[in-house]
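# Results of the structural survey
What follows is each chain in one-letter form.
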Amino acid sequence: LEAVVSTQSTGECPDCMKVSKIFDPFMYMSVSLPRKEEKIRELDVIWLDAEKRRTRFKVITPREGQVIELLYAAEKACGLSADRMMLCELSQAIIESTFSPTQKLRDIRDGRYSLCIFEREPHLPVIKVYNAYKGYTSYLKFFGNPLLMQVPKEEMPHKEFIISLYMKMSRYVQLTEEVLQSEETLPFKIKVVNQFGVEQSHDLCDENENLNIHMSNGKPVAYIALVWDMDAKDEYFKLEECNAIDYHESYRTTKARKNEVNLEDCIEMYCKQETLNQDNMWYCPNCKDFKQASKKLDLWKLPKVLVIHLKRFCYSRHWRDKIETMVKFPQHDLSLKKFMLSTDQNHIKYDLRGVVNHYGGLGGGHYTAYCHSVADDKWHVFDDSHVASCSPEKCNSPSAYVLFYLQQEPRITNNGSSNGVEPMDVD
C-alpha cells in the first residue's frame, strides 16, 4: 500500500455523451515512451555489373511508412534510381521474401533476415538464380549469393543464356570455353525450382534449343538452381570471393540522431485523452452497446514510494521492438502537480532512490540496478554479484527501465505545521 497510485479514469461515450468515472489503484505507473520517428537500416546492394562486389550501406528511414521511402533513402546512398531496385530479404543463400514499393516498412522483419537490393533493368522479366549442391542426400543445400538474370527476349538461345549466366558469375567462377559449349559439359545442372529451392518439373531448354521461360501452367519461370557437382564446386567456385562484401562510407558515417525525451513527456502521454480502438471498446450503459469512447487518466492520490515503469517493449501483429530512447528523469524534486486532479497533495515532491536497467533486446537480456544507500548517502551499481560505488549521473541512461522515487520528508514551517503530512522513516 506504500506504493499504490490512485487514478481517476474518465470515459465518455461519443454518441450520448455519457460520462463514467472510476477510481483505480495501481502498484506502479506504466508509462509509454514517444516512439523514435527514424530507424537506421543495414542493406546490401547486389549490382548488375558482375565485377562489383556486394556492397553494404546504412540508411536512415522512417520507422513507419512505405517501402518506397526506404528505396528513396537507398537511392541517395548508392546512386541507383528506385525503379531499378528490387528489395528482398535473404535467408542464408535463398530469397525469403520480396517487397513491393507500396508495402509497409513494418513488414520488414528486422534482425531475422538480411535486407538486400538487387539492381535490375526495369520492365524486363526476372529469374532468380540460386547455387546449390546435393552432398550426400537428395536435398539441395544452398550457398553463395543469389543472382538476378534478366531475359531481354523470349527467343533467347539456351546457349546464349548459359554464357550470360556465366558472365554474371565470372568474378568468382572460372570456366573454360570448352566447358561452356553445352549444358552437358557444365559443372552444374540447371534446375527449375520454387522460391524455397524445391525442384519443379520443367525443362528450361525447349526442342529448338531456345530458352523456355514459360511453365506448363502459363506462369513464367521465377527461380532456377545451379546444382553443382561437389568436386567441381570446390574446383571452380571461389566461395570466399562470392561472399565478399565492400562497405560503403555510409556504413561508417551514418549515425542515429540524438533522441531524448523527458520523464514529464512520458507521464503526459500516460494522462493524455485517447480514443479506444475497436479491440478495446467500452460498453455504454445508456446506448447498451460497445463504443469507441474517449478515455482519460488523472492522478488522484500519490504514494510514499512511487514506482514508474518505462514501457520500452512494443508489440503488434506484425512487428515487435525495443525502444532505446534516452529518458531524462530528475534526481531530485520530481513534482506531479500538473497531473493531479486533487489539490491535497500538490506540495509533494520525490527524490530518486533506485533504477532498474535492462540491456539487450526482445530475445533476451541482462538486468542491473543503481541504488542509493541511506547508510553512506552514495549511489551504487549492482550487477549480479558485483557491487561498486558510482556517480549519480550514471543512473540516467537509455537502458533505464524501472524508476523508484521516495517522497521527500515534509518541511516543518515556523508554526510547527507540516501541511498534514507525517514525517517518514526513510530507513
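Residues numbered from 1 in each chain as written. Predicted model: local features only at pLDDT ≥ 70, side-chain atom pairs only at ≥ 80, totals over all residues. Heavy atoms only, no water.

### What about helix α6 (residues 263-271)?
The complete set of buried residues in α6 reads Leu263, Cys266, Ile267, Tyr270 and Cys271. Projected down its long axis, α6 carries its buried residues within an arc of 135 degrees, all on one side. (Buried < 20%, exposed > 50% of the residue type's maximum accessible area, 1.4 Å probe, protein only. Helix = DSSP H or I, 4+ residues; strand = E, 2+ residues; numbered from the N terminus. Arc of directions from axis to C-beta.)

### What about the side chain of lysine 58?
Position of lysine 58 among the secondary structure elements: in strand β5 (residues 54-62). Although lysine 58 lies buried, it forms no salt bridge, and the closest oppositely charged side chain, glutamate 42, sits 4.4 Å away as judged by the N-O distance. Look past the residues within four positions of lysine 58 in its chain and what remains in contact with it is Ile40, Arg41, Glu42, Ser250, Tyr251 and Thr254. (Lys, Arg positive; Asp, Glu negative; His and termini not counted. Salt bridge = Lys/Arg side-chain N within 4 Å of Asp/Glu carboxyl O. Contact = heavy atoms within 4.5 Å.)

### Topic: the sheet that holds strand β7 (residues 94-99)
Pairing is mixed in the open sheet, where six strands are placed in the order β7-β6-β8-β4-β5-β13. The sheet terminates laterally at β7 and β13 (245-247), the two strands that pair on one side only. Direction aside, the axes of adjacent strands within the sheet are offset by 40 degrees on average. Two strands pair when backbone bridges link them, and strand β6 (residues 85-91) and strand β8 (residues 114-119) are joined in this way by six bridges, in the antiparallel orientation. Across the sheet, the residue bridging to leucine 90 is serine 114, located in β8. Sheet strands in contact with helix α1 (residues 67-78) are β4 (38-46), β5, β6, β7 and β8, and its direction is about 130 degrees off that of β5. (Pairing = 2+ DSSP bridges. Axes fitted to C-alpha atoms, helices over the stretch in contact; angles between N-to-C directions.)

### Some points on the packing of aromatic side chains
In this structure the tally under the stated criterion is twelve aromatic pairs. Where phenylalanine 143 meets phenylalanine 237, the ring centres are 4.9 Å apart and the plane angle is 80 degrees; that geometry is what we call edge-to-face. One end of the pair, phenylalanine 143, is in strand β10 (residues 141-150); the other, phenylalanine 237, is in the loop between α3 (230-236) and α4 (239-242), and 94 residues separate them in sequence. Both rings, one in tyrosine 247 and one in tyrosine 251, keep their centres 4.9 Å apart while their planes meet at 65 degrees; by these two values the pair is edge-to-face. Exposure remark for tyrosine 247: the relative accessible area of 49% places this residue in the partly exposed category. Looking at lysine 52, its charged tip hangs above the ring of tryptophan 47, at a distance of 3.6 Å from the centre. Its end group placed over the ring of tyrosine 251, lysine 58 keeps NZ or CZ at 4.7 Å from the ring centre. (Phe/Tyr/Trp six-rings, centres within 6.5 Å; stacked < 30°, edge-to-face > 60°. Lys NZ or Arg CZ within 6 Å of the ring centre and 35° of its normal.)

### What about the confidence of the model for the protein?
Do not read the fine detail of predicted coordinates wherever pLDDT is low. When pLDDT is averaged along the protein, the result is 84, and 91% of the positions lie at 70 or above. In this model, residues 419-427 is a region of pLDDT below 50 whose contacts with residues beyond four sequence positions or in other chains number 14 contacts. (pLDDT = per-residue confidence, 0-100.)

### Some points on the pairing of β7
Of all six residues in β7, five are buried, a share of seventy percent or more. Direction of pairing for β6 relative to β7: antiparallel, over a ladder of five bridges. Residue pairing in the sheet places leucine 87 in a bridge with phenylalanine 99 of β7. Hairpin connection, β6 to β7: the antiparallel pair is bridged by two residues, and glutamine 92 has positive phi, about 60 degrees.

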